Amino acid sequence: MSMPIALQVYSVRDDAKADLEGTLKKIKEMGYDGVEFAGLYDYAPETVKELCEKVGLTPISAHIPIAEMLEDPDKIFSQYKSMGCKYVAVPYLSPEMRPESGNFASVIENVKMLGQVAKKHGLQLLYHNHDFEFATIDGEYGLDLLYKSTTNEELQTELDTCWVNVGGENPAEYIRKYSGRSPVVHLKDFFGEKSDDMYELIGIERKAPKRPSNFELRPVATVCRASPK
């Protein structure tokens, strides 16, 4: 069965910021079916939709910071629905929201609420993991607790194969574990060993004086396994 393949625009964020239309054209020329956005580069949603239609790309999904979603979920979700997105994803949790922070229960409640609002707008909420969700709470991974505490309607997975691996688990087994709840998968590889500075490679937590040399992320492809019902 053929599955649509989209590119995470965050992978080419500097190019997109400089020339969004030109970057979308190049993505299409590379053979991708769609894109997953992480920001709109100061363009209105309707303009982004027009650009995607012009070059022949489907805006399948979007990464939206959870704080931005919580500010006005109805407004945010209606904007991305108007663009043609089917999915919206929680892309990342700052340290004070992670499983070991003591605040994870409130994060789960916020995610449940956001999932319910997203459904009202005809969108499916996803969660995109890194490695820190593999910290345990009472012997259970935070990632598993998140999915255990939410329904399939409220939240589905956007498992990132690279970060599942970095977190110490087998990506293929995790995708099988959440079979039926994994409409979108992030496929990317990495080279090297885990380090304290690897988040610099995704533009987060710039702590080291230079880019780490022992860990390299490969470009992201977003695989759309199925359309939501």
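Further up the page is the structure itself.
(A) Here's a closer look at the pattern of salt bridges. Applying the stated rule across the entire model yields seven salt bridges. Glu 109 serves as the salt-bridge partner of Lys 112, at 4.0 Å between the closest nitrogen and oxygen. Of this pair, Lys 112 and Glu 109 both sit in helix α6 (residues 104-120), three residues apart, roughly one helical turn. Judged by relative accessible area, Lys 112 falls into the partly exposed class, the value being 22%. For Glu 109, a relative accessible area of 48% puts it in the partly exposed group.

(B) Structural view of α6. Over its 17 residues, α6 extends 25 Å from the first C-alpha to the last, a length consistent with the 24 Å expected when each residue adds 1.5 Å. Residues of α6 that are buried: Phe 104, Val 107, Ile 108, Val 111, Leu 114, Gly 115, Val 117 and Ala 118. Those residues of α6 that are buried lie in contact with α4 (66-71), α5 (73-83), β4 (87-90), β5 (124-128), β6 (136-137) and α7 (142-148). Following α6 by one or two positions, Gly 122 has its phi on the positive side, about 75°.

(C) Representation of helix α2 (residues 20-29). Within α2, burial applies to Leu 20, Gly 22, Thr 23, Leu 24 and Ile 27. The inward-facing, buried residues of α2 abut β1 (5-8), α1 (13-18), β2 (34-37) and α3 (45-55). Following α2 by one or two positions, Gly 31 has its phi on the positive side, about 105°.

(D) Looking closely at the pairing of β5. Burial within β5 is extensive, with five of its five residues counted as buried. Every second residue of β5 is oriented toward a common face, with Gln 124, Leu 126 and His 128 on one face and Leu 125 and Tyr 127 on the other, all of them buried. By the bridge criterion, four bridges tie β4 to β5 in an arrangement that is parallel. Each bridged residue has a counterpart across the sheet, and for Tyr 87 the counterpart in β5 is Gln 124. Note that the unit made of β4, α6 and β5 has a crossover that is right-handed. Here β5 pairs with strand β8 (residues 156-158) via three bridges, running parallel. Within β8, the residue paired with Tyr 127 across the bridge is Thr 157.

(E) Spatial organisation of the packing of α5 against α6. Close contact between α5 and α6 brings their axes to 9 Å; oriented N to C, the two are set at 45°. As judged from the angle between their axes, α5 and α6 are oblique. When you trace α5 past α6, the crossing you get is right-handed. Contact residues: Pro 73, Asp 74 and Phe 77 in α5; Met 113, Leu 114, Val 117, Ala 118 and Lys 120 in α6. When its residues are assigned to classes, the contact of α5 with α6 shows six nonpolar, no polar and two charged.

(F) Highlighting the environment of Met 3. When you line up the elements, Met 3 lands in the segment before β1. A relative accessible area of 32% means that Met 3 is categorised as partly exposed. Separated by 30 residues in sequence, Met 3 and Asp 33 have C-alpha atoms that sit 9.5 Å apart.

Rules used throughout
- Note on numbering: residues in each chain are counted from 1, in written sequence order.
- Local features are withheld for residues below a pLDDT of 70 in this predicted model, meaning they are given only at 70 or higher, and side-chain atom pairs are given and counted only at 80 or more; totals for whole chains, interfaces and linings count all residues.
- Side-chain calculation: all heavy atoms of the structure are included, whereas hydrogens and water are not.
- Salt bridges, as used here, are contacts in which a Lys or Arg side-chain nitrogen is within 4 Å of a carboxyl oxygen on Asp or Glu.
- Helix and strand assignments come from DSSP, with helices taken as H or I runs of at least 4 residues and strands as E runs of at least 2, each series counted from the N terminus.
- The buried label applies to any residue whose accessible area, calculated with a 1.4 Å probe on protein chains only, is under 20% of its type's maximum; exposed applies above 50%, and partly exposed to all values in between.
- Given the number of residues in a helix, its expected span is that number minus one, multiplied by 1.5 Å.
- Any pair of residues with heavy atoms lying within 4.5 Å of one another is described as a contacting pair.
- Two strands are said to pair when DSSP picks up at least two bridges between them.
- A clockwise course of the path from the first strand over the helix to the second, judged with the strands pointing away from the viewer, identifies a crossover as right-handed.
- To obtain each axis, a line is fitted to C-alpha atoms, and for helices this fit is confined to the stretch in contact; angles are then taken between N-to-C directions over 0 to 180 degrees.
- Reported orientations rely on four angle classes, namely roughly parallel under 35 degrees, roughly antiparallel over 145, roughly perpendicular from 65 to 115, and oblique for the rest.
- By definition, turning the near helix anticlockwise from the far helix through less than a right angle yields a left-handed crossing, and turning it clockwise yields a right-handed one.
- Under the grouping applied here, Gly and all other residues not named as nonpolar or charged are polar, the nonpolar ones being Ala, Val, Leu, Ile, Met, Phe, Trp, Tyr, Cys and Pro and the charged ones Asp, Glu, Lys and Arg.

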